[in-house]
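Summary of structural features
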Amino acid sequence: MVAKILDGKQIAKDYRQGLQDQVEALKEKGYTPKLSVILVGNDGASQSYVKAKNKAAEKIGMISEIVHLEESASEEEVLSELERLNNDDSVSGILVQVPLPEQVSEQKVLEAINPEKDVDGFHPANIGKLYIDEQTFVACTPLGIMELLKHSDMDLEGKNAVVIGRSHIVGQPVAKLLIQQNATVTILHSRSQNQQEFLKNADVIVSAVGRPGLVTKDDVKEGAVVIDVGNTPDENGKLKGDVEYDEVKEVAGTITPVPGGVGPMTITMVLNNTLLAEKMRRGIE
């Protein structure tokens, strides 16, 4: 068996076309979704990621702005910019690129975003709504993972799903989304025992810990769906996933590559959430 490859680039491209159609329909009503991104400092990876979001938003007809603050910016300056964007009626969605410099509290900043403009889905109010099954903004990587799973041709109901990693950004929200699809979910983490036993019984594996080579052929049941969220650069700058791709694809039924799997979907879901934010505040279904 050779696994079906979930091409995140193509799936994202198709999904963005649908978003572009919706943006055009909104413009006909007089509304244009706008994404505002706060970037603090000059971290190369953050700058690259923010530019990619900006370019993707503009490509589908949204307005996108980058608010770039100096590395030395104080917490008060960042919060002041946030307040301005919160009160700006032209802004649909706000996100703050992390990591932030040490003098700025990430938690304070994330909590200061208006929950109705929190397109990253990190505000405690939105996290809480997710866990009581209310409509809300869901973190973009978990949302992208679920979209990829739709293309795996597996009905998740009743299936065993294992999520490796318990972060608030990926592991825990994706586990909740899988539960919403009636999967039986196990979260593995650094203190979990007998991990291979759970993995070998899994119909779906989502690995999101940033440890290259963590999941091998011996860990995967034949025909399983394997979603690799890892993106750790090696000594040559090449991105490596958590999954030993070349060997696991020989037993898995479906697998995502790194790069080109989950990554494009994450940016796509930022656009999705920005569109949702604009529709919600305008009272449009």
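Let me sum up the structure you'll find in this document. Remember, predicted model here, so these are calculated numbers, not experimental data.

With that out of the way, let us pick up the packing of helix 2 (residues 44-59) against helix 10 (residues 262-282). Two elements in contact, helix 2 and helix 10, have axes separated by 10 Å at closest approach and are oriented at 55 degrees. Relative to helix 10, the element helix 2 lies oblique. Read as a crossing pair, helix 2 and helix 10 show a hand that is right-handed. Judged by residue contacts, Y49, A52, K53, A56 and A57 of helix 2 engage T266, I267, V270 and L271 from helix 10. Here the residues of the contact of helix 2 with helix 10 are counted per class, giving 7 nonpolar, 1 polar and 1 charged.

Before going further, it helps to spend a moment on the sheet that holds strand 2 (residues 34-40). In spatial order, the strands read 3-2-4; together these 3 strands make up an open sheet with parallel pairing. Single-partner strands in this sheet number two, and they are strand 3 (63-69) and strand 4 (93-96). Neighbour-to-neighbour, the strand axes of this sheet turn through a mean angle of 15 degrees, independent of strand direction. The sheet contact formed by strand 2 and strand 3 spans 7 bridges and is parallel. Each bridged residue has a counterpart across the sheet, and for L39 the counterpart in strand 3 is H68. Packed onto the sheet, helix 2 meets strand 2, strand 3 and strand 4 and runs at close to 160 degrees relative to strand 3.

Our focus in this paragraph is the sheet that holds strand 1 (residues 4-5). Pairing within the open sheet is parallel, and its 6 strands lie in the order 1-11-8-7-5-6. Both outer strands of the open sheet, strand 1 and strand 6 (184-188), are each paired with one neighbouring strand and no more. Here strand 7 (residues 204-207) pairs with strand 8 (residues 225-228) via 4 bridges, running parallel. Directly across from V206, in strand 8, lies its bridge partner I227. On top of the sheet, helix 7 (residues 171-180) reaches strand 5 (160-164), strand 6 and strand 7; it is set at about 170 degrees to strand 5, its chief contact.

Right, let's talk about helix 2 for a bit. An ideal rise of 1.5 Å per residue puts 22 Å on 16 residues; helix 2 measures up with 22 Å between its terminal C-alpha atoms. Those residues of helix 2 that fall on the buried side of the exposure criterion are S46, V50, K53, N54, A56 and A57. End-on view of helix 2: buried residues confined to an arc of 165 degrees, all on one side of the axis. Exposed and facing more than 90 degrees away from the buried side of helix 2 are A45, K51, K55 and K59. The elements touched by buried residues of helix 2 are helix 1 (8-28), strand 2, strand 3, strand 4 and helix 10.

For the structure shown, the criterion picks out 11 salt bridges. Of the charged contacts, one joins D89 and R281 as a salt bridge, the two residues approaching to 3.3 Å between their closest N and O atoms. One end of the pair, D89, is in the loop between helix 3 (75-86) and strand 4; the other, R281, is in helix 10, with 192 residues separating them in the sequence.

Moving on, we get to the layout of surface pockets. Of the voids in this model, the largest pocket is the one considered here, and its volume is about 1,200 Å³. In this structure, the largest pocket is lined by 39 residues; those nearest its centre are Y49, T141, N231, G263 and T266. Counting residues per element, the ones that place at least two in the lining of the largest pocket are helix 2, strand 4, helix 6 (140-150) and helix 10. Across the lining of the largest pocket, the residue classes break down as 22 nonpolar, 12 polar and 5 charged.

Quick look at the pairing of strand 7 now. The side-chain alternation of strand 7 yields two buried faces, one formed by V204 and V206 and the other by I205 and S207. Sheet topology places strand 5 next to strand 7; 4 bridges connect them, and they run parallel. The residue bridging A161 from the neighbouring strand is V204, located in strand 7.

What follows covers a negative patch on the surface. On the surface, D218, E244, D246, E247 and E250 cluster together into a negatively charged patch. On the secondary structure map, D246 appears in helix 9 (residues 245-248).

The rules behind the values
- Residues numbered from 1 in each chain as written.
- Predicted model: local features only at pLDDT ≥ 70, side-chain atom pairs only at ≥ 80, totals over all residues.
- Heavy atoms only, no water.
- Axes fitted to C-alpha atoms, helices over the stretch in contact; angles between N-to-C directions.
- Helix = DSSP H or I, 4+ residues; strand = E, 2+ residues; numbered from the N terminus.
- Parallel < 35°, antiparallel > 145°, perpendicular 65-115°, else oblique.
- Left-handed = near helix turned anticlockwise from the far one by under 90°.
- Contact = heavy atoms within 4.5 Å.
- Nonpolar A, V, L, I, M, F, W, Y, C, P; charged D, E, K, R; others polar.
- Pairing = 2+ DSSP bridges.
- Expected span 1.5 Å × (residues − 1).
- Buried < 20%, exposed > 50% of the residue type's maximum accessible area, 1.4 Å probe, protein only.
- Arc of directions from axis to C-beta.
- Salt bridge = Lys/Arg side-chain N within 4 Å of Asp/Glu carboxyl O.
- 1 Å grid on protein atoms, 1.4 Å probe; cavity = no way out; pocket = protein on both sides within 12 Å on 5 of 7 lines; lining within 4 Å.
- Points joined across faces, edges and corners; volume = space filled by probe spheres on them.
- Patch = residues over 30% accessible without salt bridge, like charges linked within 9 Å, V, L, I, M, F, W, Y side chains within 5 Å.
- Areas by Shrake-Rupley, 256 points an atom, 1.4 Å probe, with all protein chains shown as cover.
- Lys, Arg positive; Asp, Glu negative; His and termini not counted.
- Charge placed at Lys NZ, Arg CZ, Asp CG, Glu CD.

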